[in-house]
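# Residue-level structural notes
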Amino acid sequence: MTKIFAHRGSAGTHPENTMVSFQEAERVGADGIELDVQMTKDGQIVVIHDETIDRTTNGTGWVKEFTYRELRKFDASYKFAGQYGFCPIPLLEEVLSWGKQTKLLFNIELKNGFIQYERLEEQVIQMIKEYEMEERVILSSFNHNSMARCHRIAPEIETALLYMENLYEPWRYIQAIGASALHPYYVTVNESFIREAHKHGVAVRPFTINKEAVMKRMFRYHVDAIVTDYPAKAKKILRSEH
Ligand code: G3P
Ligand code: CA
């Protein structure tokens, strides 16, 4: 059955990429959580979507120009300010340490398309190994060189390629990289594409699907997972279909 991955946690109802958002996703029965990582000035791996803190916190500036101690002072409750108290930017380690106690899968997206953070791949992988979560993590990125590097370092951890537009026979392309899954923008996905991907043993998890009609269509195609800002809604619709 299609799995439900909560995009940046339950980002439609809680502040994205914060612990309350991840905890809410688990509470409503999501199968997995998608989250984004960047690196601070002092080499800490933090969970935040943008390269700057401008959009999602009460501060401004580049993530890479703050130490984690400095970053932790900003409130990432964003458009939900006042509803969930003070929500700090979490460390990846904080998420894994909490997540280890759950049954969740973790899709960690490396946000290294614009800034090539030094040794981001090595550090993320080392942390996954420390928590012995290799089997529960899927690494993904729009930076496919980075995914090739992850696969070289840790072939036992699943890697997935993110992309926005149609690719020609991507099951051939991913072989060269060693990736085993495709995470496409959902508009590129149709039933025959899913059938073909599955024939080649490739998992497909389209993003970001929030509308009921699109959810239903993706469930009908038997995509491996959908990535959604509304995991509670997606679970409810999925249950009503079965
Ligand atoms: O995993 C899919 C999705 O998260 C990629 O886009 O911009 O939301 O990180 P974005
Ligand atoms: Ca993401």
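Reading the values: the criteria
Residues numbered from 1 in each chain as written. Chains lettered and ligands numbered in written order. Predicted model: local features only at pLDDT ≥ 70, side-chain atom pairs only at ≥ 80, totals over all residues. Heavy atoms only, no water. Salt bridge = Lys/Arg side-chain N within 4 Å of Asp/Glu carboxyl O. Helix = DSSP H or I, 4+ residues; strand = E, 2+ residues; numbered from the N terminus. Buried < 20%, exposed > 50% of the residue type's maximum accessible area, 1.4 Å probe, protein only. Donors = N, O, S within 2.8 Å, 3.2 Å for Na, K, Ca; no water. Near = heavy atom within 4 Å. Polar contact = N/O pair within 3.5 Å; in protein donor to acceptor, adjacent residues only side chain to side chain. Areas by Shrake-Rupley, 256 points an atom, 1.4 Å probe, with all protein chains shown as cover. Nonpolar A, V, L, I, M, F, W, Y, C, P; charged D, E, K, R; others polar. Phe/Tyr/Trp six-rings, centres within 6.5 Å; stacked < 30°, edge-to-face > 60°. Lys NZ or Arg CZ within 6 Å of the ring centre and 35° of its normal.

Here we take up the pattern of salt bridges. Enumeration over the complete set of coordinates arrives at 17 salt bridges. Residue Glu 122 pairs with Arg 149 through a salt bridge whose shortest N-O separation is 2.7 Å. Here the residue Glu 122 occupies a position in helix α4 (residues 120–130), and Arg 149 occupies one in helix α5 (residues 144–153), the gap between them amounting to 27 residues. Put simply, Glu 196 and Lys 199 hold a salt bridge, and the shortest N to O gap is 3.4 Å. With Glu 196 and Lys 199 both in helix α7 (residues 191–199) and three residues apart, the pair spans about one turn of that helix. Assessed through its relative accessible area of 28%, Glu 196 is described here as partly exposed.

What follows covers the coordination of the calcium ion (ligand 2). Under perfect tetrahedral coordination by four donors, a metal shows angles of 109.5 degrees; under perfect octahedral coordination by six donors, it shows angles of 90 or 180 degrees. Surrounding the calcium ion (ligand 2) are the protein donor atoms Glu 34 (OE), Asp 36 (OD) and Glu 109 (OE), at 2.1 to 2.3 Å. Read N to C, the donor residues that coordinate the calcium ion (ligand 2) are spaced as E-x1-D-x72-E. Exposure class is identical for Glu 34 and Asp 36. Each is buried.

In the neighbourhood of ligand 1, the contacting residues comprise His 7, Arg 8, Glu 34, Asp 36, His 49, Glu 109, Lys 111, Phe 142, Leu 162 and Phe 207. Contacts to ligand 1 include Glu 34, whose side-chain N or O atom sits 2.7 Å from an oxygen atom. Within the side chain of Lys 111, an N or O atom sits 2.8 Å from an oxygen atom of ligand 1. Burial of ligand 1 by the protein amounts to 89% of the accessible area it has alone, namely 290 Å². Taken together, the residues of the shell around ligand 1 sort by class into three nonpolar, two polar and five charged.

Take the packing of aromatic side chains next. The final tally for this structure, using the stated rule, is seven aromatic pairs. Seen from their ring centres, Phe 66 and Phe 74 are 5.3 Å apart, and the 70° between their planes marks the pair as edge-to-face. For the pair shown, Phe 66 and Phe 74 are each scored as buried. Consider the rings of Tyr 185 and Tyr 186, whose centres lie 5.4 Å apart with planes at 70°: the pair is edge-to-face. Using a relative accessible area of 29% as the deciding quantity, one classes Tyr 185 as partly exposed. On the basis of relative accessibility, which here comes to 16%, the residue Tyr 186 falls in the buried class. Lying over the aromatic face of Trp 62, Lys 64 brings its terminal NZ or CZ to 5.5 Å of the ring centre. Lying across the ring of Tyr 230, Lys 233 places its NZ or CZ 5.7 Å from the centre.

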